[in-house]
Amino acid sequence: QVQLVESGGGLVQAGGSLGLSCVASGRTFNGNVMGWFRQAPGKECEFVAAISWSGRTTAYADSVKGRFIISRDNAKNTVYLQMNCLKPEDTAVYYCAADGAPISNIRIGIPFYDYWGQGTQVTVSS
């Protein structure tokens with residue numbers, strides 16, 4: 001059974017930092033793009049960041065560019081999201097996801113991601 005399990009969420013004050021991790025089990029995603037998405041209360045799920053299988057290419061939503069860093073360790077089947085300078089508007093449930101196709105190009109559309117974690121809550125207080 002394929003599973004993506006996120007961890008590292010929590011409550012932090014504005015301006016603070018949090019690091020999220022996502023561990024995959026059941027299969028390897030070393031050849032797949034991995035991404036992070038988030039959903040705030042009353043809003044649609046949105047793209048946050050993604051990373052190619054090699055780690056050499058990344059993509060970020062404009063709202064997090066310069067503040068968040070995505071990385072991966074294929075040996076550990078793990079993808080990370082380091083979130084710095086957090087703002088109250090970053091409050092959301094954060095989901096890890098894997099693109100279903102073993103391609104190198106980063107795609108940010110939700111339908112391309114076939115595997116999803118259960119999500120981890122990030123709350124930023126003002």
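Just above sits the structure.
Our subject in this report is the structure included herewith. As the structure is a prediction and not an experimental result, all values here were calculated from the model.

Glancing now at the state of the cysteines. For the coordinates displayed, the defined rule picks out 1 disulfide. Not part of a disulfide, Cys-45 finds its nearest cysteine sulfur in Cys-96, a span of 12 Å.

Tracing the backbone shows Asp-73 in strand β7 (residues 68-73). Between the C-alpha atoms of Asp-73 and Ser-54, which are 19 residues apart in sequence, the distance is 9.4 Å. Sequence-distant contacts of Asp-73, that is, excluding residues within four places in its chain, are made with Thr-78 and Tyr-80.

Within this structure, the stated rule accounts for 5 salt bridges. One salt bridge connects Arg-38 with Asp-90, and the closest N-O pair in it is separated by 2.9 Å. Placement of the pair is Arg-38 in strand β4 (residues 34-39) and Asp-90 in the loop between β8 (78-83) and β9 (92-99), with a sequence separation of 52 residues. Classification of Arg-38 by relative accessible area gives buried; the value is 5%. Here Asp-90 falls in the buried class, since its relative accessible area comes to 1%. For Asp-90, the salt bridge identified is with Arg-67, shortest N-O distance 2.8 Å. Placement of the pair is Asp-90 in the loop between β8 and β9 and Arg-67 in the loop between β6 (58-60) and β7, with a sequence separation of 23 residues. Residue class for Arg-67 comes out buried when judged on its relative accessible area of 9%. Each member of the salt-bridge network shares a partner with another, and the members are Arg-38, Glu-46, Arg-67 and Asp-90.

Scoring rules and cut-offs
- Residues numbered from 1 in each chain as written.
- Predicted model: local features only at pLDDT ≥ 70, side-chain atom pairs only at ≥ 80, totals over all residues.
- Heavy atoms only, no water.
- Disulfide = S-S within 2.5 Å.
- Helix = DSSP H or I, 4+ residues; strand = E, 2+ residues; numbered from the N terminus.
- Contact = heavy atoms within 4.5 Å.
- Salt bridge = Lys/Arg side-chain N within 4 Å of Asp/Glu carboxyl O.
- Buried < 20%, exposed > 50% of the residue type's maximum accessible area, 1.4 Å probe, protein only.

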